[in-house]
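# Structural overview for review
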Amino acid sequence: MFPNEEACVRYLFALRWPDGNPCAKGCRREFALYHGGRVIFCKTCRQNISLTAGTIMHRSHTDLLTWFYGAFLVTTLTPGISATQFQKQLGIKRYETAFQILHKLRAAMVNPDREPLKGVVEVDETYIGGVKPGAKGGRGMKGKTLVIGAVEQRPSKDKRRSASAGRVRFRVIESATTKELTEFVEDHVEKDSSVLTDNWQGYLRLASLGYEHVPTVVGHRQNASHMLPLIHLAFANLKTWLQGTHHGRVERQHLQAYLNEFAFRHNRRFWRFSAFQTVLRLGMNQGPQEYGVLYTADEYGRNVHAAGLR
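Quick caveat: nothing in here was measured; it's all calculated off a predicted structure. (Residues numbered from 1 in each chain as written. Predicted model: local features only at pLDDT ≥ 70, side-chain atom pairs only at ≥ 80, totals over all residues. Heavy atoms only, no water.)

For the rest of this paragraph, the subject is the packing of aromatic side chains. The full count for this structure, using the stated rule, is 14 aromatic pairs. Taking the centre distance of 6.1 Å and the plane angle of 40 degrees together, the rings of phenylalanine 170 and phenylalanine 235 count as tilted. Of this pair, phenylalanine 170 sits in strand S6 (residues 164-173) while phenylalanine 235 sits in helix H7 (residues 229-246), and the two are 65 residues apart along the sequence. Across this residue pair, the class does not change: phenylalanine 170 and phenylalanine 235 are buried. With a centroid separation of 5.8 Å and an interplanar angle of 85 degrees, the aromatic rings of phenylalanine 270 and tryptophan 271 are classed as edge-to-face. One aromatic cluster is present, formed by Phe2, Tyr11, Phe68, Phe72 and Phe276 through successive ring pairs. (Phe/Tyr/Trp six-rings, centres within 6.5 Å; stacked < 30°, edge-to-face > 60°. Helix = DSSP H or I, 4+ residues; strand = E, 2+ residues; numbered from the N terminus. Buried < 20%, exposed > 50% of the residue type's maximum accessible area, 1.4 Å probe, protein only.)

Quick look at the pattern of salt bridges now. Under the definition given, this model contains nine salt bridges. With a shortest N-O distance of 2.5 Å, arginine 106 and glutamate 261 are connected by a salt bridge. A residue pair is termed long-range when its members are at least 10 positions apart, and arginine 106 in helix H4 (residues 95-107) and glutamate 261 in helix H8 (residues 252-267) qualify at 155 residues. With a relative accessible area of 0%, glutamate 261 lands in the buried category. Between arginine 252 and glutamate 174 there is a salt bridge, with its nearest N and O atoms 2.9 Å apart. A residue pair is termed long-range when its members are at least 10 positions apart, and arginine 252 in helix H8 and glutamate 174 in the loop between S6 and helix H5 (178-188) qualify at 78 residues. A cluster of three or more residues bridged by salt bridges with shared partners is formed by Arg106, Glu261 and Arg265. (Salt bridge = Lys/Arg side-chain N within 4 Å of Asp/Glu carboxyl O.)

Turning our attention to the pairing of strand S1 (residues 31-34). Sheet topology places S1 next to strand S2 (residues 39-42); four bridges connect them, and they run antiparallel. Directly across from alanine 32, in S2, lies its bridge partner phenylalanine 41. Hairpin connection of S1 to S2: four residues between the antiparallel strands, including histidine 35 at a positive phi of 50 degrees. (Pairing = 2+ DSSP bridges.)

Here histidine 254 shows up in helix H8. A distance of 3.2 Å separates the side chain of histidine 254 from the side chain of histidine 103, its partner in a polar contact. (Polar contact = N/O pair within 3.5 Å; in protein donor to acceptor, adjacent residues only side chain to side chain.)

So, on to H4. Between its terminal C-alpha atoms H4 stretches 18 Å, which fits the 18 Å expected from 13 residues at 1.5 Å a residue. Along H4, the residues classified as buried are Ala98, Phe99, Ile101, Leu102, His103, Lys104, Leu105, Arg106 and Ala107. (Expected span 1.5 Å × (residues − 1).)

Core analysis: the largest hydrophobic core is formed by 59 residues, its most contacted members being Phe86, Leu105, Phe170, Leu238 and Leu280. At seven residues, H7 tops the list of elements feeding residues into this core. Filtering out sequence-adjacent residues up to four positions away, leucine 280 remains in contact with Tyr11, Leu15, Met57, Phe68 and Ala71. Val121, Phe184, Leu209 and Tyr211 belong to the second-largest nonpolar core, a separate cluster that totals 18 residues. (Core = buried A, V, L, I, M, F, W, Y, C linked by side-chain atoms within 4.5 Å. Contact = heavy atoms within 4.5 Å.)

Taken together, the three strands give an open sheet; going across it, the order is S1-S2-S3, and neighbouring strands pair in antiparallel fashion. The open sheet terminates on both sides in strands that have one partner only, identified here as S1 and strand S3 (48-50). In this sheet, neighbouring strand axes are inclined to one another by 30 degrees on average, regardless of whether the strands run parallel or antiparallel. (Axes fitted to C-alpha atoms, helices over the stretch in contact; angles between N-to-C directions.)

With respect to topology, five strands assemble into an open sheet ordered S6-S5-S4-S7-S8, the strand pairing being mixed. Each of the sheet's edge strands pairs with one partner strand only, and the pair in question is S6 and strand S8 (212-216). Direction aside, neighbouring strands of the sheet carry axes that sit 25 degrees apart on average. Across the sheet, H7 is in contact with strand S4 (120-128), strand S5 (145-154) and S6; its angle to S4 comes to roughly 40 degrees. Strand contacts of H8: S4, S5 and S6, with the helix running at about 165 degrees to S6, the strand carrying the most contacts.

Our next topic: the environment of valine 123. Locating valine 123 in the fold gives a position in strand S4. Separated by 62 residues in the primary sequence, valine 123 and valine 185 place their C-alpha atoms 8.1 Å from one another.

Phi at histidine 35 is positive, roughly 50 degrees, even though this residue is not glycine. Residue position: histidine 35 is located in the loop between S1 and S2. Histidine 35 gets classed as exposed once you look at its relative accessible area, which sits at 67%. Phi angles above zero are rare outside glycine, and arginine 59 is one such case at about 60 degrees.

Shown next, in the form of structure tokens:
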């Protein structure tokens, strides 16, 4: 489908301007293309229009074939791809270039208009990170990053089989406080849904917020995977992926981006080419992802400090 730059240009043009008119002034559709089609000159108002300005490819000098190949690999390969593998496979000279391309693609993996989870939803937290000397167990564990996750229960048509995992969501949080836990559920779970959690006090407000809260007394930590099996399976798969593809070397400041990637691929695991198309479509409307934003972004790709979040 994409043998050359021209094919990539045509595809991005159609994604960004479905009506075929890139001029914001509504001029007649008379244009000239420069720089391989990445600059469009409107013959009516005599303005230059950049194909990639205001997108995740904003000010990028990398050819579009590399961007497309990166989007294909990161969305269709089951284990994804690390920046080191990507750099070697495409012959990119600088590791930083490969890293930023992949990170900007990850920023386009969150659709601000996505539908919330609904039905029966399991919610729990886990810690991401290696073993630290002197670290203590429980929700106060030091040296690790706390992540909250949610997964839909997808009922099985066969009554003899248990439910399977539907869509998932993840977020890096500072601590398991009532505020952070309930904010996550409100952001990602539809009201009137059944929310299954352990009996941690941080979830107790959910019943008053319009959810059918079903707390479960877990007791010993080993019981959690039996009481909330789907979210713990999702956590196990997430940690296996981080260890296998990235060898567990994911810094806290980048972890949310990797969580977004894992959730994106999981939620589209049955429609992989659709995932490739989706990430490019979202990327054309996501806005530029500058270096500073990539290092301080929340799960929606916003600058944490500018948005006044954590």
